[in-house]
Amino acid sequence: VVLNKQAPLPEPAPTPTPSPTVKPNPTPLLTTPRKGDIEEIRALLNKEQWTRVIVMLKGNEFTAPEFQDDAKKKAEVKKIQDAVLIILTEKDFQISHQYQYITSFAGMVSKSGMEKLLKNSQVISISLDRLSAPH
């Protein structure tokens, strides 16, 4: 009995996929301001005196998610937050929450506060706080 054996077909060489050389971002949230939110916030501030926002700030190696020293991380986060909050008066911003492990804070912003935040180089993004806004 003769078996009909075909020669195995050569397997195509796998196409090399270039590995991206993107550095991991130390902050898990937005890294560039979403223009839509900024325009939306400005529109709201033209109608209302205050609007709820979340402000995301630049972090550093001590605020990165993989940094394990919680006490150092909390201290560094607070230092970064305070450096931005110190420029805001009670007429600019009313803080409702300072996050402990994320370089971010939430609260009510006025027009003057919004302009100060937009000019601050430490501010990565300003987003509407849609979760705690009344429905």
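All figures in this text were calculated on a predicted structure; none of them were measured in a lab.

The rules behind these values
Residues numbered from 1 in each chain as written. Predicted model: local features only at pLDDT ≥ 70, side-chain atom pairs only at ≥ 80, totals over all residues. Heavy atoms only, no water. Core = buried A, V, L, I, M, F, W, Y, C linked by side-chain atoms within 4.5 Å. Buried < 20%, exposed > 50% of the residue type's maximum accessible area, 1.4 Å probe, protein only. Helix = DSSP H or I, 4+ residues; strand = E, 2+ residues; numbered from the N terminus. Contact = heavy atoms within 4.5 Å. Expected span 1.5 Å × (residues − 1). Polar contact = N/O pair within 3.5 Å; in protein donor to acceptor, adjacent residues only side chain to side chain. Pairing = 2+ DSSP bridges. Axes fitted to C-alpha atoms, helices over the stretch in contact; angles between N-to-C directions. Arc of directions from axis to C-beta.

Give a description of the nonpolar core that names residues and reports values.
Ile-41, Val-55, Phe-93, Phe-105, Val-109, Leu-117 and Ile-126 are the most contacted members of the largest nonpolar core, which totals 18 residues. Taken together, the elements giving at least two residues each to this core come down to α1 (35–47), β1 (51–57), α2 (70–85), β3 (104–109), α3 (111–119) and β4 (123–128). Dropping the residues within four chain positions of it, Phe-93 is found in contact with Trp-50, Val-53, Val-55, Leu-85, Leu-88, Phe-105, Ala-106, Gly-107, Met-108, Val-109 and Leu-117.

Outline α2, supporting the account with residue identities and numerical values.
With 16 residues, α2 extends 22 Å between its outermost C-alpha atoms, agreeing within 8% with the 22 Å of an ideal straight helix rising 1.5 Å per residue. Considered for burial, the residues of α2 that qualify are Lys-73, Glu-76, Val-77, Ile-80, Gln-81, Val-84 and Leu-85. Put simply, Asp-69 is the residue that caps the front of α2, since its side-chain oxygen is 3.2 Å from the backbone nitrogen of Ala-71.

Would you mind going over the side chain of Ser-104 in detail, with residue names and values included?
Among the structural elements, Ser-104 can be located in strand β3. The buried category is assigned to Ser-104, whose relative accessible area is 1%. Ignoring anything within four residues of it in the chain, the contact list for Ser-104 reads Ile-54, Val-55, Met-56, Gln-81, Gln-98 and Tyr-99.

Describe the sheet that holds β4, with residues and values.
Across the sheet, 4 strands lie side by side as β2-β3-β1-β4; this open sheet has antiparallel pairing. Edge strands, defined here as strands with exactly one partner in the open sheet, are β2 (93–98) and β4. The average undirected angle you get between the axes of adjacent strands in this sheet is 30°. Against the sheet, α2 makes contact with β1, β2, β3 and β4, and its axis sits at roughly 170° relative to β2, the strand it touches most.

I'd like a rundown of the pairing of β2, residues and numbers included.
Bridge count between β2 and β3: 5 bridges; the pairing is antiparallel. Along β3, the bridge assignment pairs Ile-95 with Gly-107. The loop that links β2 with its antiparallel partner β3 comprises 5 residues.

Got a sec to walk through the environment of Gln-100? Specific residues and values, please.
In this fold, Gln-100 is placed in the loop between β2 and β3. Once the C-alpha coordinates of Gln-100 and Glu-76 are considered, the two residues, 24 residues apart in sequence, prove to be 9.5 Å apart. Setting aside chain neighbours within four positions, we find Gln-100 in contact with Lys-73, Lys-74 and Val-77.

Can you tell me about α3, naming the residues and giving the values?
For α3, the full list of buried residues reads Gly-113, Met-114 and Leu-117. Taken end-on, α3 shows its buried residues confined to a sector of 100°, consistent with a single buried face.

How would you sum up the pairing of β3? Please name residues and give values.
Counting buried positions along β3 gives 5 out of 6 residues, so the element sits mostly inside the fold. Sheet topology places β1 next to β3; 6 bridges connect them, and they run antiparallel. Paired with Arg-52 across the bridge in β3 is Met-108.

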